[in-house]
Amino acid sequence: MTTRRNFLQLVGATAAGGVISQYGSEIASAFEQVADGSTEVVWFQGQSCTGCTISTLQAQYPSLETALNEFRLAVTFHPTIMAEAGEAALESMSPDPDVLIVEGSIPTDIPEAAMVGGRPAKEWIEELAPNSDVVVSVGNCAAFGGWPAAENKRRLYDLGENVTGAQGLQFEQREPGGVLGTDFTSGAGLPVVNLGGCPPNPDYVLLTLATVLNGHIPELDKYQRPLPFYEPLVHDNCMHRGYFDRGEFADKPGGEGCLLKQGCKGPYTHCDDQTRLWNDGTSVCLNVSAPCIGCMEPGFWDRFSPFNQELEGMGVLGGISATQAGAAGVGAAAVGIGAHLGRRMMGYGKFESEDAPDAEKRMEEP
């Protein structure tokens, strides 16, 4: 008999990628529940570039290939990959799925910006979500509004800040609410489980779905993201961290040194990509000297743009900016902020996660 596991509990105690390799057969059994018809899944798309689907499809898990292929074929509705079209596609959609996966933001001011089968996406979500045991938003658009919710800075066409009124399922940017409202819970008593990212790492999707398909409740942070994935701070595990600690900053993209002055948002971004890596564990943005642009965080796009500029004056610890913190490694900037903070800023500790439940010091968000 297959053991039912909460795979997200294993993530923090296992090397990146280790959970998938060690428990591949058990993860496969979770997806087989969908293939054999005992669990129904709907993958719904709103305002989306389909990048989250592509990220998930391109993931390479040789030990899970058969189970995942069967899972994709068994999903009752996925407009990108399903063979059916038109009325046949809509008829195949389960009206009360066990798991509802949403990709893409939901327009509320101009509902016609995302129509499915002649109905606005908003109506579909309001109908499907309350009937679902678990609701998972895949990507920043579905979770927080994403790029469709970016500010209309020039007020083109006499429209407001958010052209279509794009929202996430339970958040509007970093503010609770969204399409379903703060009080929404699914049939399992869960809020929407948010897998932020533009796109999220495919491991996040795989392991979260395997966990909820096995009937487990993931531990979530204040943005309703699974803690094992979104608790680490990019800055703490960056391969360029040594440069930061010595106050050595690159003077151009791809240059030698910490990339903070080239727009890196690593000190403000939470995810475990620096250890998990992408493309079958090959690399990640910072490893090829591309600054982190904060795409895993709520409020992305506007929050961190322009992407190639340093976020001046934004506090990391005790009101000290990230640049000042780096300079503390070679100067006296630590004077007056205490030995404890000084040690942390000079590489002897980590920046505290804003979502760590017992953190004494909180990172000041931009």
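Above: the structure in question.
If you're wondering where the values come from, they're calculated on a predicted model, not measured in any experiment.

Quick question: what am I supposed to make of the overall build of the protein chain here?
Looking only at helices and strands, one finds 14 helices and 12 strands in the protein chain. A burial count over the protein chain gives 54% of its 366 residues as buried. Of the contacts formed within the protein chain by residues at least 6 apart in sequence, a portion of 73% connects residues at least 24 apart. Of the roughly 15700 Å² of accessible surface on the protein chain, a fraction of 49% belongs to carbon and sulfur atoms.

How should the packing of aromatic side chains be read in this particular structure?
Geometry of an aromatic ring pair is reported as the spacing of the ring centres plus the angle between the planes. Per the counting criterion, the structure on display carries 11 aromatic pairs. Ring plane angle 90 degrees and centroid distance 6.4 Å describe the contact between Phe244 and Phe249, whose orientation is recorded as edge-to-face. With centroids separated by 5.5 Å and ring planes inclined at 20 degrees, the aromatic side chains of Phe300 and Phe307 adopt a geometry described as stacked. The class for Phe300 is buried, based on a relative accessible area of 3%. Among the aromatic side chains, those forming a connected cluster through ring pairs are Phe144, Phe171 and Tyr223. Seen from the ring of Trp124, Arg119 lies directly overhead, with NZ or CZ sitting 4.5 Å from the centre. When the ring centre of Phe249 is taken as reference, the NZ or CZ atom of Lys261 above it lies at 5.3 Å.

It is not clear to me how helix α9 (residues 202-213) should be interpreted in this structure. Could you clarify?
Residues lying three or four places apart along an α-helix face the same way, a consequence of the helix completing one turn every 3.6 residues. With 12 residues, α9 extends 16 Å from end C-alpha to end C-alpha; this agrees with the ideal 16 Å at 1.5 Å per step. Counting buried positions along α9 yields 12 of 12 residues, so the element is predominantly enclosed. Here α9 has its buried residues at Pro202, Asp203, Tyr204, Val205, Leu206, Leu207, Thr208, Leu209, Ala210, Thr211, Val212 and Leu213. The N-terminus of α9 is capped by Asn201, whose side-chain oxygen sits 2.9 Å from the backbone nitrogen of Asp203. At the exit of α9 stands Gly215, carrying a positive phi of roughly 85 degrees.

Where do I start with the sheet that holds strand β1 (residues 41-45) in this structure?
Backbone hydrogen bonds hold the strands of a sheet together, and the pairing may be parallel or antiparallel. Strand order in the open sheet formed by 4 strands is β1-β2-β6-β10, and the pairing between neighbours is parallel. The open sheet terminates on both sides in strands that have one partner only, identified here as β1 and β10 (193-195). In this sheet, neighbouring strand axes are inclined to one another by 20 degrees on average, regardless of whether the strands run parallel or antiparallel. Of the strand pairs in this sheet, β1 and strand β2 (residues 99-103) are connected by 5 bridges, and their pairing is parallel. Among the inter-strand pairings, Trp43 is bridged to a residue of β2, identified as Ile101.

What is the right way to look at the packing of helix α3 (residues 24-35) against α9 in this model?
Working note: a packed helix pair is described by the angle between its axes plus the distance between those axes. Put simply, α3 and α9 touch, their axes get as near as 9 Å, and they point 70 degrees apart. By the angle between their axes, α3 is roughly perpendicular relative to α9. By crossing handedness, the relation of α3 to α9 is classed as left-handed. Of the residues in α9, those in contact with Ile27, Ala30, Phe31, Gln33 and Val34 of α3 are Leu206, Leu207, Leu209, Ala210 and Leu213.

Can you help me understand the environment of Pro199 in this one?
Here Pro199 shows up in the loop between β10 and α9. Given a relative accessible area of 24%, Pro199 falls into the partly exposed group. Residues Pro199 and Thr50, 149 residues apart in the sequence, show an inter-C-alpha distance of 9.3 Å. Residue contacts for Pro199: discarding those within four places in its chain leaves Gly51, Cys52, Ser55, Trp278 and Met296.

Conventions used here
Residues numbered from 1 in each chain as written. Predicted model: local features only at pLDDT ≥ 70, side-chain atom pairs only at ≥ 80, totals over all residues. Heavy atoms only, no water. Helix = DSSP H or I, 4+ residues; strand = E, 2+ residues; numbered from the N terminus. Buried < 20%, exposed > 50% of the residue type's maximum accessible area, 1.4 Å probe, protein only. Contact = heavy atoms within 4.5 Å. Areas by Shrake-Rupley, 256 points an atom, 1.4 Å probe, with all protein chains shown as cover. Phe/Tyr/Trp six-rings, centres within 6.5 Å; stacked < 30°, edge-to-face > 60°. Lys NZ or Arg CZ within 6 Å of the ring centre and 35° of its normal. Expected span 1.5 Å × (residues − 1). Polar contact = N/O pair within 3.5 Å; in protein donor to acceptor, adjacent residues only side chain to side chain. Pairing = 2+ DSSP bridges. Axes fitted to C-alpha atoms, helices over the stretch in contact; angles between N-to-C directions. Parallel < 35°, antiparallel > 145°, perpendicular 65-115°, else oblique. Left-handed = near helix turned anticlockwise from the far one by under 90°.

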